[in-house]
Amino acid sequence: MEVLRPPIINIEGRLYRTNIVKEQSYQNEEDDEEDFSYTGAVDCGDEPCDTFIVEQTENGFRCAMEVPSVLYKYIIGKKGETRRKIENETRTSLNIPKPGVEGEIVITGQQRSGVISARTRIEVLMESFRKKQPFSHFLSFALNQSEIQERFLKFKEEVEEKHTQEQGVDGSIFQNPAKLHLTIGTLVLLNEKEVTQACELLQQCKKEFIDAITGGKGIPVEVAGIEYMNDDPAMVDVLYAKIHVKDGSDKLQVVADQLLERFASSGLMVKDWDHVKLHATIMNTLFRKDPSAEGRTISTNWKQAPRERESFDARNILKNFENYYFGEVNLNAVLISQRFSTDSTGYYTSSGYITFSSNK
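Predicted model, so just to flag it, every value in this text is computed and none were measured.

Student: Is there a simple way to think about the packing of helix 5 (residues 192–214) against helix 6 (residues 251–265) in this case?
Tutor: A packed helix pair is summarised by two numbers, namely the angle formed by the two axes and the spacing between the axes. Two numbers describe how helix 5 lies on helix 6: the axes approach to 10 Å, and their chain directions differ by 150°. Relative to helix 6, the crossing made by helix 5 is right-handed. Note on element contacts: helix 6 touches helix 5 through Lys251, Val254, Val255, Gln258, Leu259, Arg262 and Phe263, opposite Ala198, Leu201, Leu202, Gln204, Cys205, Glu208, Phe209, Ile210, Ile213 and Thr214.

Structural data, given as structure tokens:
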């Protein structure tokens, strides 16, 4: 991080400049907290810090804030060091629920400015450490219709028949046909309230812009052609099918990009790119060791354990199947899909969804 150009964090419309952070990791599971050390106060951006409710009480001031229980340990810090530092520097007291119990962190203090400062520091901690959590859900379009599954299985059969002698190519790296999908972005939803928040936001998006873009109709697309993610076709980790809107319009791209923007603004999704890459992963070397590694082809800042990947040589596959036709589908629903789950159809369990038209 550049000292003269510290990163800006946007928290519910308020902009903060973050100062240098010192993080220490520990080997023991019970010491999984990290030491967050400030070199100075967190600065506010263009908007005032006091845009939340601070109550005046008989003994001073009080502010309650909802924090997912999984983040408590980061507010407390190793052996309580982070909590004590916040309390001492802001002259406040933090009342934190017990581990695993969802609730509010209550900040009390003699000075209103101290309570505001403590809350601001906790919000910045939450934003920083939220990005270290593995994603739990993702926004998706299902591409597992029967025709596409059948054509995908035919593609897999032909590749296994003709190309398994090539480096790294075997049946373990193919996507589960029942879980073929287009990912808009990944979500970190840390408790049921955040799942509800994501569902409500998706419904708002439908009313505010999706209905106008789609005209209340599904978007017919063609899944055809294959491409690879990296620069060397002889050392590929991800091979994907391309998605084309049949009428040649950009409505699918616009819907996906605006969903990314809205969910990123809410803090539930990280925006790494300006545009969503419209694709469906069909081969991924992460599946070789972990068949449930869905979604990891998306570039995110979420914390993920490092993995050794055995790439595969896709040159002949690309040559022989460059324009392979997987089928057509009418995209009519955006789903909040739950990672590591399976519903009765074989697709991911949905925590919420919207449809573009009333007739699926």
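Continuing now.
Student: For this particular structure, what's the right way to read the pattern of salt bridges?
Tutor: Pairing between side chains of opposite charge can happen when their charged atoms approach one another. Counted by the stated rule, this structure contains 17 salt bridges. Glu66 is the partner of Lys193 in a salt bridge, and the nearest nitrogen-oxygen pair spans 2.2 Å. Of this pair, Lys193 sits in helix 5 while Glu66 sits in strand 5 (residues 60–67), placing them 127 residues apart in sequence. When salt bridges with common partners are traced through the structure, they connect Lys85, Glu89 and Arg121 into a single cluster.

Student: Would you mind going over the pairing of strand 10 (residues 219–228) with me for this structure?
Tutor: Look at any regular strand and the pattern is simple: side chains alternate between the two faces of the sheet. Among the 10 residues of strand 10, 7 are classified as buried, and the element is accordingly described as predominantly covered. Sheet topology note: the strand 10/strand 13 (residues 325–331) ladder contains 6 bridges and is antiparallel. Note that in strand 13 the partner of Val223 across the bridge is Gly327. Taken together, the 6 bridges between strand 10 and strand 11 (residues 238–245) define a ladder with antiparallel strand orientation. Among the inter-strand pairings, Glu222 is bridged to a residue of strand 11, identified as His244.

Student: Can you walk me through the sheet that holds strand 13 in this structure?
Tutor: One key point about sheets: their strands pair by backbone hydrogen bonds, in either a parallel or an antiparallel sense. Ordered by their spatial adjacency, 4 strands build an open sheet running 12-11-10-13, and the pairing between neighbours is antiparallel. In the strand order of this sheet, the two ends are held by strand 12 (279–284) and strand 13, each with one partner. The sheet shows a mean angle of 30° between the axes of neighbouring strands, taken without regard to direction. Strand direction decides the pairing type here: strand 11 and strand 12, joined by 5 bridges, are antiparallel. Directly across from Lys242, in strand 12, lies its bridge partner His279. Across the sheet, helix 6 lies against strand 10, strand 11 and strand 13, angled at about 80° from strand 10, the strand it touches most.

About the criteria used
Residues numbered from 1 in each chain as written. Predicted model: local features only at pLDDT ≥ 70, side-chain atom pairs only at ≥ 80, totals over all residues. Heavy atoms only, no water. Axes fitted to C-alpha atoms, helices over the stretch in contact; angles between N-to-C directions. Helix = DSSP H or I, 4+ residues; strand = E, 2+ residues; numbered from the N terminus. Left-handed = near helix turned anticlockwise from the far one by under 90°. Contact = heavy atoms within 4.5 Å. Salt bridge = Lys/Arg side-chain N within 4 Å of Asp/Glu carboxyl O. Buried < 20%, exposed > 50% of the residue type's maximum accessible area, 1.4 Å probe, protein only. Pairing = 2+ DSSP bridges.

Functional significance is not addressed by these values, which are geometric in nature.
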